[in-house]
Each structure stands twice: as structure tokens, then as C-alpha cells.
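Residues per chain, in single letters:
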Amino acid sequence: MQTYSVEILNPKAIKLLKNLVDLQLISLKKEKKIEKNKTELQELLLKGPTWTDEEYKEYLENRESINKTGARLFY
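The numbers attached to residues start from 1 for each chain and follow its sequence in the written order. Thresholds applied to this predicted model are a pLDDT of at least 70 for local features of residues and 80 or more for the giving and counting of side-chain atom pairs; totals over whole chains, interfaces and linings are not thresholded and use all residues. The side-chain numbers reported here are obtained from all heavy atoms of the structure, hydrogens and water having been left aside.

The next thing to look at is the overall build of the protein. Check the secondary structure of the protein and you find three helices and zero strands. In this text, helices come from DSSP runs of H or I with a minimum length of four residues, and strands from runs of E with a minimum of two, each type numbered from the N-terminal end. When the elements of the protein are put in sequence order from the N terminus, they spell out α-α-α. Relative accessibility under 20% of the residue-type maximum defines a buried residue, over 50% an exposed one, and the middle range a partly exposed one, all with a 1.4 Å probe and only protein chains included. Within the span of the protein, comprising 75 residues, buried residues form 12% of the whole. Residue contacts follow a heavy-atom distance rule, with two residues in contact if any of their heavy atoms lie within 4.5 Å. A separation threshold of at least 6 residues defines the contact pool for the protein, and within that pool the share at least 24 residues apart is 38%. Carbon and sulfur atoms provide 54% of the accessible area of the protein, an area that totals close to 7200 Å². What sets the accessible areas is the Shrake-Rupley method with a 1.4 Å probe; for residues, cover comes only from the shown protein chains.

Here's what the structure looks like:
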């Protein structure tokens, strides 16, 4: 068995992957990598009024990463 990490660029790919699951050719498992980003994002948000340009850029990168995975943060 081989394991790959795949980044979905087009939502139509999910349907194709689900068809492969139905044919029992692959299995899908969600990864939970958001927790680290969540903590970093919370720390950055708390420092918001005093962000440097670099910290703001890091916030935007974390936010984009979270948006790609479709995860929502609840505070």
C-alpha cells in the first residue's frame, strides 16, 4: 500500500476520488493539520494591533491555508 498527500485544486476532483472509493480502488482519510495553524493564527490575531509587515504576511498565508481546506475556526 502506498500513501500520497493530494491537494485538491478543483472541487470536481472530489467527485472523481469518491468514484474511485466506490470502486474500492482507494480510500480517503482527512488529515488534521489545522491545529498548529489555528494556534499560530490565534497568537497573531491577539497581536493584531502591533503586527509587523512580516507578521501580517504570515497571517494572510495561514488564513489562505485554512480557506483552502475549508476548515472553520471557532473561538
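So much for the structure itself; the text now carries on.
Further remarks concern unusual backbone geometry. Within the chain, Q24 stands out as a residue other than glycine whose phi angle is a positive 60°. Here Q24 is to be found in the loop between α1 (12-22) and α2 (34-46).

The grouping of L20, V21, L23, L25, I26 and L28 at the surface amounts to a nonpolar patch, some 510 Å² of accessible area in total. Relative to the helices and strands, L23 resides in the loop between α1 and α2. In this analysis, a patch consists of residues with relative accessible area above 30% that form no salt bridge, clustered at 9 Å for like charges and at 5 Å for the nonpolar side chains Val, Leu, Ile, Met, Phe, Trp and Tyr. In what follows, salt bridge is the name for a side-chain nitrogen of Lys or Arg lying within 4 Å of a carboxyl oxygen of Asp or Glu.

Secondary-structure assignment places E40 in helix α2. Separated by 22 residues in sequence, E40 and N62 place their C-alpha atoms 8.1 Å apart. Those residues in contact with E40 that sit more than four places away from it in its chain are E58 and N62.

Here we take up the confidence of the model for the protein. When pLDDT is averaged along the protein, the result is 77, and 72% of the positions lie at 70 or above. Residue-level confidence of the predictor is what pLDDT reports, using numbers from 0 through 100. Taken element by element, the predicted model of the protein shows its lowest mean pLDDT in α2 (66) and its highest in α1 (91).

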